[in-house]
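So the chains spell out like this:
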Amino acid sequence: MPGGRGLRVRELPRRGLPCGYYPLLAGNIREKPFREIWEKSELMTKLRDFKGYGGACGHCGYIKVCGGCRRGLRHHRDDLAAEPFCSHGLAMEE
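Not measured: the values here are computed from a predicted model.

1. What about the confidence of the model for the protein?
Alright, step 1. The predicted model of the protein has a mean per-residue pLDDT of 74, with 70% of residues at 70 or higher.
Alright, step 2. Ranking the helices and strands of the protein by mean pLDDT puts helix H1 (residues 34–40) first, with 88, and strand S1 (residues 8–9) last, with 53.

2. So, the nonpolar core
Alright, step 1. By size, the foremost hydrophobic cluster in this structure holds 13 residues, and its most contacted members are Tyr22, Ala26, Leu43, Leu47, Tyr53, Cys57 and Ile63.
Alright, step 2. When residues in this core are grouped by element, the largest group, three residues, is from helix H2 (residues 42–48).

3. Observations regarding the pattern of salt bridges
Alright, step 1. One pass over the structure, following the stated rule, counts two salt bridges.
Alright, step 2. Ionic pairing is found between Arg35 and Glu39, a salt bridge with its closest N-O pair at 3.0 Å. Here Glu39 and Arg35 lie together in helix H1, a separation of four residues that amounts to about one turn.
Alright, step 3. For Glu39, a relative accessible area of 41% translates into the label partly exposed.
Alright, step 4. The salt bridge involving Asp79 is made with Lys46; its shortest N-O contact spans 2.6 Å. Taken together, the residues span a long stretch of sequence, with Asp79 in the segment after helix H5 (72–76) and Lys46 in helix H2 at a distance of 33 residues.

About the thresholds
Starting from 1, residues in each chain are numbered consecutively following that chain's sequence as written. Local features in this predicted model are restricted to residues of pLDDT 70 or higher, and side-chain atom pairs are both shown and tallied only at a pLDDT of 80 or more, whereas totals for entire chains, interfaces and linings draw on every residue. Values reported for side chains reflect all heavy atoms of the structure, with hydrogen atoms and water molecules removed beforehand. Summary of the metric used: pLDDT quantifies the predictor's per-residue confidence within the range 0 to 100. Numbered from the N terminus, helices here are DSSP runs of H or I no shorter than four residues, and strands are runs of E no shorter than two. In these notes, a set of buried Ala, Val, Leu, Ile, Met, Phe, Trp, Tyr and Cys residues joined through side-chain atoms within 4.5 Å is what counts as a nonpolar core. For every residue, the accessible area obtained with a 1.4 Å probe (protein chains only) is divided by the maximum for its type, and the residue is called buried under 20%, exposed over 50%, and partly exposed between those limits. A side-chain nitrogen of Lys or Arg and a carboxyl oxygen of Asp or Glu constitute a salt bridge if their distance falls within 4 Å.

Put into structure tokens, the structure is as follows:
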């Protein structure tokens, strides 16, 4: 699921991650309600704002379809960098 469009809740200690490739936390459901994390978390809000995405993802016509996987964090050390494994090959055009 694209970053910012889903929230994976880890069993212990009940922390929410935007996706399995994204190690930054959106919140802790023991401290805040799920809905508040989903709707108001600074991280989730940032991930849903595609205007801030860099590289090919930032100007790709498919961004609203795929959401631009945030694996760029592991490869570029930038959570809004282009998806390094883009199936459209657009990320490699940078």
